[in-house]
Amino acid sequence: MVKRRVHVAAAAIISADGREVLLARRPSNVDHGGLWEFPGGKLAPYETGLEALKRELHEELGVEIRRAQPLIRIHHEYTDKHILLDVWQVHDFAGEPFGREGQAVRWVPMNELFNYPFPAANVPILRAVMLPTEYLISGEEEDEAVFLTRLERALVEDNVRLVQLRAKDLDREAYLARAEQALAVCRRHGARLMLNGEPELLDEVDADGIHLTSARLMSLDRRPLPEGKWLSASTHDREQLDQAHRVGCDFATLSPLRTTPSHPEVAPIGWHDFQQLVEHAGMPVFALGGMTRFDANHARAVGAQGIASIRDFWK
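Residues numbered from 1 in each chain as written. Predicted model: local features only at pLDDT ≥ 70, side-chain atom pairs only at ≥ 80, totals over all residues. Heavy atoms only, no water.

Enquirer: So what exactly am I meant to see when it comes to the pairing of strand 5 (residues 64-77) here?
Expert: For a regular strand, side chains alternate in direction, first toward one face of the sheet and then toward the other. Judged from the 12 bridges that link them, strand 5 and strand 6 (residues 81-94) form a sheet pairing that is antiparallel. When the sheet's bridge partners are listed, H76 is paired in strand 6 with I83. Here strand 5 hands over to strand 6 after 3 residues, the two strands then running antiparallel side by side. (Pairing = 2+ DSSP bridges. Helix = DSSP H or I, 4+ residues; strand = E, 2+ residues; numbered from the N terminus.)

Written as structure tokens, this is what we have:
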């Protein structure tokens, strides 16, 4: 049976302080009635995603989009249709949103999003909305004082809010000690900390999640963490991205986008192939490998959540 294909534009409308997102409730007489969703609607044959979104938000909520940016594209298979959710993050709009068609609308705090029932296709959008656009991977540092100084600088001056503690040169005991210190600094500045290693590290340090190496990722047959913790992974090709999706990773890095000094022998993916891979990833993906924050907008334009970097943040 050939499934019906449905292309939908949806909006993640973020409040001015970045703490809340606007949700709408689906009418009871339609598919998934009573569930919550990100407002939007189907594209007309002549429309782009952004054009459809501007029209739908005006019709549904009475607002005018002033500035928006691609957030994520999700392909989802239902029993009777294939749906493509073309999701945009709305940074600025005019008007006060209200349900012009009688639907309930509500500003919801980011940390309460998972308390609301959504259609299955919306779940990756929740993760994308809750994640920042920059992912700091810490550099190797022998001196603890230097490490903490550089971490604090990135959190304060660069406003980094997602950190991966990568320290391959440390033994387990030293890594755990550094992780405790890094967690205290991240908590103080409202940042999430991901530990690079085996999931059992979270039994020792109550960080926000685990980042898996690609080798560890490929050895799994199921998600190794509870849903309350974040799970990310390093990926380099379609097979690894598919595995990350299969085991329930919340997000991933995909590298190397460019040739890097640390791995000059590895062929870069390039923007075109990166876009093709991310299109069907089914989760937020950060571009990694030669990235700087000047690449963030380009990365978002081709489907990335944002950029991940060591050198550009670890100064």
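Enquirer: What is the right way to read the side chain of S309 from this model?
Expert: Along the polypeptide, S309 turns up in strand 15 (residues 306-309). A polar side-chain atom of S309 sits 3.0 Å from the main-chain amide nitrogen of D312. Once you skip the residues sitting within four places of it in the chain, S309 turns out to touch Y135, L136, I137, L288 and M291. (Polar contact = N/O pair within 3.5 Å; in protein donor to acceptor, adjacent residues only side chain to side chain. Contact = heavy atoms within 4.5 Å.)

Enquirer: Explain the sheet that holds strand 7 (residues 105-109) here, please?
Expert: Two strands in a sheet stick together by hydrogen bonds in their backbones, pointing the same way (parallel) or opposite ways (antiparallel). What the 3 strands build is an open sheet, ordered 3-2-7; its pairing is antiparallel. Single-partner strands in this sheet number two, and they are strand 3 (36-37) and strand 7.

Enquirer: Please explain the sheet that holds strand 6 as it appears in this structure.
Expert: Taking strand neighbours across the sheet as the criterion, the 4 strands line up as 4-1-6-5 in an open arrangement whose pairing is mixed. This sheet does not close on itself; its edge strands, each paired only once, are strand 4 (40-42) and strand 5. This sheet shows a mean twist of 20° between the axes of neighbouring strands, independent of strand direction. Relative to the sheet, helix 1 (residues 49-61) contacts strand 1 (4-13), strand 4, strand 5 and strand 6, its axis offset from that of strand 1 by approximately 65°. (Axes fitted to C-alpha atoms, helices over the stretch in contact; angles between N-to-C directions.)

Enquirer: What's the story with the packing of aromatic side chains in this structure? I'm lost.
Expert: Centre-to-centre distance and the angle between the planes together describe a pair of aromatic rings. Per the counting criterion, the structure on display carries 8 aromatic pairs. Ring geometry for W36 versus Y116: centroids 5.5 Å apart, planes at 90°, classification edge-to-face. Remark: Y116 occurs in the loop between strand 7 and helix 2 (123-130) and W36 occurs in strand 3; sequence separation between them is 80 residues. Take W36: its relative accessible area is 3%, and that puts it in the buried class. Taken together, Y135, W230, F251 and F286 form an aromatic cluster joined through their ring pairs. The ring of Y78 carries K81 above its face, with NZ or CZ at 5.7 Å from the centroid. (Phe/Tyr/Trp six-rings, centres within 6.5 Å; stacked < 30°, edge-to-face > 60°. Buried < 20%, exposed > 50% of the residue type's maximum accessible area, 1.4 Å probe, protein only. Lys NZ or Arg CZ within 6 Å of the ring centre and 35° of its normal.)

Enquirer: Can you help me understand the pattern of salt bridges in this one?
Expert: Where charged atoms of side chains with opposite charge meet at close range, the side chains can pair. Scanning the model with the defined rule gives 24 salt bridges in all. Of the charged contacts in the structure, one is a salt bridge between R73 and D86, with a shortest N-O distance of 3.7 Å. Note that R73 is positioned in strand 5 and D86 in strand 6, a separation of 13 residues in sequence. By relative accessible area, R73 is classed as partly exposed at 31%. (Salt bridge = Lys/Arg side-chain N within 4 Å of Asp/Glu carboxyl O.)

Enquirer: Mind showing me how you'd approach the side chain of R300 here?
Expert: Following the sequence through the fold, R300 ends up in helix 8 (residues 296-301). Buried and without a salt bridge, R300 has E134 as its closest oppositely charged side chain, separated by 9.4 Å. Within the local environment of R300, its side chain forms a polar contact with the backbone oxygen of P70, the two atoms lying 3.0 Å apart. (Lys, Arg positive; Asp, Glu negative; His and termini not counted.)

Enquirer: Before we go on, may I ask you to explain the environment of A128 in this structure?
Expert: Structurally, A128 can be placed in helix 2. Contact partners of A128, with chain neighbours within four places excluded, come to L71, I72, P284 and Q305.

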